[in-house]
Amino acid sequence: MRDSPSHYGSITRCLHWLIAILVILQLTSSFFNILWEGNVYSQAIVQWHTTIGVGILALMAIRTLWAISQLRHRPEHRGALQKAAIWGHALMYLVLLLMPLSGMAFTWGLGYGVYVFGTAYWTDADVPWAAAFGQLHAPLSWFLSALVTGHILMAGYHRLIRRDDTLHRMLGR
Ligand code: HEM
Ligand code: HEM
């Protein structure tokens with residue numbers, strides 16, 4: 001279950017792939033809706049946007065605590081490119097925490113409350129600083145998309161060009 005210098009353990013891998021699927025659902029459903037408003041895929045997912053987003057926040061809180069507890073056992077990153085990967089991963093943690101927080105601040109600050117499984121919490125607030133922080137939500141989503149695209153390209157580079165075991169250690173092989 002724990003991480004080791006040769007591979008990521010099952011808890012890290014489950015959290016990685018579960019959050020990856022949820023984040024990709026959030027980003028693609030929202031962006032497809034801008035490009036092709038009302039399409040079936042976006043309609044099915046966007047109605048769960050705030051619920052999935054709050055779920056990602058809860059999973060990211062667990063993942064951050066777990067990552068801190070595993071820091072000294074994780075696969076090593078040596079060399080300049082690998083050090084860049086560590087910073088890239090840390091940046092993704094930060095943005096994955098700020099994304100749902102800014103989304104919640106957006107709806108809470110404007111008084112709509114935060115919808116989770118159809119129930120609105122903290123309605124009727126009027127908090128200008130929260131609404132202002134919420135304005136970061138859309139720009140952050142573009143930044144996160146760029147980070148995730150770079151991350152997937154780098155995973156492909158390791159697998160197809162360098163042919164090393166970077167992808168395998170996240171797949172558990
Ligand atoms: C990691 C979690 C989340 C991701 C990846 C995400 C992603 C996105 C994206 C891509 C958009 C469209 C941006 C655009 O129009 O250019 C969006 C809009 C929006 N999201 Fe999220 N979201 C997340 C969590 C949340 C949460 C938790 C809430 C509220 C509880 C929320 C509320 C909103 C609202 C109200 C909008 C429309 C307003 C706006 O465009 O700024 N989101 N989100
Ligand atoms: C929204 C999608 C994704 C996010 C937010 C994400 C985020 C992360 C983060 C933060 C790490 C650092 C390890 C950790 O703490 O868990 C990581 C590692 C990794 N991810 Fe992703 N990931 C995503 C999708 C993917 C996809 C689609 C692939 C494969 C094509 C992938 C392959 C990997 C690999 C191979 C590692 C290990 C890299 C290393 O040890 O240097 N990820 N990912």
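Residues numbered from 1 in each chain as written. Chains lettered and ligands numbered in written order. Predicted model: local features only at pLDDT ≥ 70, side-chain atom pairs only at ≥ 80, totals over all residues. Heavy atoms only, no water.

**Focus: the UniProt feature "domain: Cytochrome b561 bacterial/Ni-hydrogenase" (unreviewed entry) in the protein chain**
The UniProt feature table records "domain: Cytochrome b561 bacterial/Ni-hydrogenase" (unreviewed entry) at residues 7-172. Across residues 7-172, helical content stands at 75% and strand content at 4%; the span's end C-alpha atoms are separated by 7 Å. (UniProt positions renumbered as here; feature names shortened; annotations may be inferred. Helix = DSSP H or I, 4+ residues; strand = E, 2+ residues; numbered from the N terminus.)

**So, the site of ligand 2**
Surveying the vicinity of ligand 2 reveals 22 residues, the closest of which are Tyr-8, His-16, His-77, Tyr-93 and His-151. In the model, an oxygen atom of ligand 2 is placed 2.5 Å from a nitrogen or oxygen of the Tyr-93 side chain. Side-chain polar atom of Arg-169 to an oxygen atom of ligand 2: 3.0 Å apart, as the coordinates give it. Of all the secondary structure elements, the ones that give two or more residues to the shell around ligand 2 are helix H1 (10-35), helix H4 (79-109), helix H6 (137-161) and helix H7 (166-171). Per-element accounting of the shell around ligand 2 gives the leading share, 6 residues, to H1. (Near = heavy atom within 4 Å. Polar contact = N/O pair within 3.5 Å; in protein donor to acceptor, adjacent residues only side chain to side chain.)

**Some thoughts on the coordination of the iron atom of ligand 2**
Within the protein, the iron atom of ligand 2 binds to His-16 (NE2) and His-151 (NE2); these donor distances fall in the range 2.0 Å. Classification of the site at the iron atom of ligand 2 rests on its 6 donor atoms, whose angles at the metal span 88 to 179 degrees, yielding the label octahedral. Here the residue His-16 occupies a position in helix H1, and His-151 occupies one in helix H6, the gap between them amounting to 135 residues. Given a relative accessible area of 12%, His-16 falls into the buried group. In this structure His-151 comes out as partly exposed when scored by relative accessible area, which is 28%. (Donors = N, O, S within 2.8 Å, 3.2 Å for Na, K, Ca; no water. Tetrahedral: all angles 85-135°; square planar, octahedral: opposite > 155°, others 65-115°. Buried < 20%, exposed > 50% of the residue type's maximum accessible area, 1.4 Å probe, protein only.)

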